[in-house]
Amino acid sequence: PLVTSKELFKKAYEGGYAIGAFNVNNMEIIQGIVEAAKEENSPLILQVSAGARKYARPVYLKKLVEAAVEDTGLPVVLHLDHGESFEICKACIDDGFTSVMIDGSKLPFEENITLTKKVVDYAHEHGVVVEAELGRIGGVEDNISVGEREATFTDPDQALEFVERTGVDSLAIAIGTSHGAYKFKGEPYLDFKRLEEIMKRLPGFPLVLHGASTVLPEFVEACNKYGGSIHSAKGVPEEMLRKAASLGICKINIDTDLRLAMTAMIRKYLAENPSEFDPRKYLGAAREAIKEMVKHKIRNVLGSSNKL
Ligand SMILES: O=C(COP(=O)(O)O)NO
Ligand code: NA
Ligand SMILES: [Zn+2]
């Protein structure tokens, strides 16, 4: 069935593991992810961004996720990733999503609170949970000044006030990650001190890590071996993610690692089978690559195997 993340996060927090939140855009990606979760007996969050809704059109993704639930019998959270307005959150809540993110992190503190509270009130009336964001998960330059870091990373005292005043169910925090394949110029770094300060103020409260792809080198190399050109790509080392999962991080967002796995597999397949032109061949290979990547994440990063 479609479920909210409330109970999943509570168990993850107490159990010292995290739930994977994987971005979906089409049938093969959804199939690969849910097959992996089924085999690992793992809880799962499928997340849809505004861009995915535009690309696939909402009704297709909704029906594909419903098909995946029916086909596997898995409990799945259907989550809106980075909703930036009350309207898109409302549309997804009305469309049967069980969780939505309202991302007001670009707004001043008070406006983020007002917008988030408006979404929380509507979502809670409909049995839906809400994730918000405080602090800037953006292109975090590695050698930013302390001042800039203070300005962009999540302030622990503000986090406490934000949660108390909004009633939000989980909070995406900024502790050094950023979206995409180019997360660090120098050494990867997560501000675990800051994470622990936030946990002290919000004991047991589910925290979310965005921009958590590792950008595994073997997939970047495979892309480049078969015609790609991806350079200076760097992500979050998996041992840092395991540490975050063992702490208050209950949801880990992964999109880029799936994209790289899928792209590497399609490039490889086409290079090795120049006379083949049946899309099922390379999309099928891509689906397999997604499945293997998600199984790897569940086992090596999230620790959510056999937690259903
Ligand atoms: O945070 C993410 C995905 O991050 P990555 O680009 O690191 O996969 N989605 O909301
Ligand atoms: Na955790
Ligand atoms: Zn994100």
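Anything mentioned here points back to the structure above.
Residues numbered from 1 in each chain as written. Chains lettered and ligands numbered in written order. Predicted model: local features only at pLDDT ≥ 70, side-chain atom pairs only at ≥ 80, totals over all residues. Heavy atoms only, no water.

## Some remarks on the coordination of the zinc ion (ligand 3)
In plain terms, the rule: Donor atoms: N, O and S within 2.8 Å of the metal, or within 3.2 Å for Na, K and Ca. Because water is excluded, sites can look incomplete. Helix numbering and strand numbering both begin at the N terminus, where a helix is a DSSP run of H or I of at least 4 residues and a strand a DSSP run of E of at least 2. Using a 1.4 Å probe on the protein chains alone, a residue whose accessible area is under 20% of its type maximum counts as buried, one over 50% counts as exposed, and one in between counts as partly exposed.
Bound to the zinc ion (ligand 3) on the protein side are H82 (NE2), H179 (NE2) and H210 (ND1), at distances that span 2.1 to 2.2 Å. For the zinc ion (ligand 3), all donor residues lie on one chain, and their spacing in sequence is H-x96-H-x30-H. Here H82 is found in strand 3 (residues 76-83), whereas its partner H179 is found in the loop between strand 6 (170-173) and helix 9 (192-201), with 97 residues between them in sequence. On the basis of relative accessible area, H179 is assigned to the partly exposed category, the value being 43%.

## Re the packing of helix 10 (residues 217-225) against helix 12 (residues 256-272)
What counts, and what does not: The angle between two axes is taken between their N-to-C directions and runs from 0 to 180 degrees, where each axis is a line fitted to C-alpha atoms and a helix contributes only its stretch in contact. Here a crossing is taken to be left-handed if its near helix is turned anticlockwise relative to the far helix by less than a right angle, and right-handed if that turn runs clockwise. Working rule for contacts: check all heavy atoms of both residues, and any pair within 4.5 Å makes them a contact.
Here helix 10 crosses helix 12 at 35°, and the two axes come no closer than 8 Å. Here helix 10 and helix 12 pass one another in a crossing that is left-handed. Between helix 10, through F219, V220, A222 and C223, and helix 12, the contact on the second element is made entirely by L260, A261, T263, A264 and R267.

## Here we look at the nonpolar core
Test applied: Side-chain atoms within 4.5 Å link the members of a nonpolar core, which is a set of buried Ala, Val, Leu, Ile, Met, Phe, Trp, Tyr and Cys residues.
With 90 residues, the main nonpolar core has I33, L46, V100, L171, L195, L207 and I252 as its most contacted residues. Take this core: its biggest share by element is 8 residues, from helix 13 (residues 279-302). Discounting residues that sit within four places of it in the chain, L46 has contacts with F22, V24, I30, I33, V34, V65, V76, V77, L78 and H79. If you look at the next biggest cluster of nonpolar residues, it comprises 7 residues, including V220, C223, L260 and A264.

## Some words on the packing of aromatic side chains
Threshold: Aromatic contacts are taken between Phe, Tyr and Trp rings whose centres are within 6.5 Å, Trp giving its six-membered ring; a plane angle under 30 degrees counts as stacked, one over 60 as edge-to-face, and the others as tilted.
Applying the stated criterion across every chain, the model contains 2 aromatic pairs. Plain terms: the ring middles of F86 and Y122 are 5.7 Å apart, the flat faces sit at 80° to each other, and that makes the pair edge-to-face. You can see F86 sitting in helix 5 (residues 86-94) and its partner Y122 sitting in helix 6 (residues 109-125), a full 36 residues away along the chain. Since its relative accessible area comes to 13%, F86 is described here as buried. Look at F109 and F162: their rings are 6.4 Å apart centre to centre, the planes differ by 50°, and that puts the pair in the tilted class. On the criterion of sequence distance, the pair formed by F109 in helix 6 and F162 in helix 8 (residues 156-166) is long-range, its members being 53 residues apart.

## Structural notes on the site of ligand 1
Where we set the bar: By convention in this text, a residue qualifies as near a molecule or strand provided that one of its non-hydrogen atoms is within 4 Å of it. Throughout this description, a polar contact denotes any pair of N or O atoms lying within 3.5 Å of each other; where both atoms belong to protein, one of them has to be capable of donating a hydrogen while the other can accept it, and for residues adjacent in sequence the pair is counted only when both atoms sit in side chains. To be clear on the numbers: accessible area is Shrake-Rupley with a 1.4 Å probe, and residue cover counts the displayed protein chains and nothing else. Detection works on a 1 Å grid of protein atoms alone, calling trapped sets that fit a 1.4 Å probe cavities and calling open sets with protein on both sides within 12 Å along at least five of seven lines pockets, with lining residues defined by an atom within 4 Å of a point. The rule for placing a molecule in a cavity or pocket is simple: more than half of its atoms must lie within 2 Å of the grid points. Following the grouping adopted for this structure description, the nonpolar residues are Ala, Val, Leu, Ile, Met, Phe, Trp, Tyr, Cys and Pro, the charged ones are Asp, Glu, Lys and Arg, and the polar ones are all others, Gly among them.
Contacts to ligand 1 come from 15 residues, most closely from D81, K183, S213, D255 and T256. One of the side-chain N or O atoms of H210 is found 3.3 Å from an oxygen atom in ligand 1. Here T256 contributes a side-chain N or O atom positioned 2.7 Å from an oxygen atom of ligand 1. When the free accessible area of ligand 1 is taken as 310 Å², the share hidden by the protein chains comes to 96%. Judged by its atoms lying within 2 Å of the grid points, ligand 1 is housed in the largest pocket. Every element with two or more residues in the shell around ligand 1 is listed here: strand 3 and strand 8 (249-254). The residue makeup of the shell around ligand 1, split by class, is 2 nonpolar, 10 polar and 3 charged.

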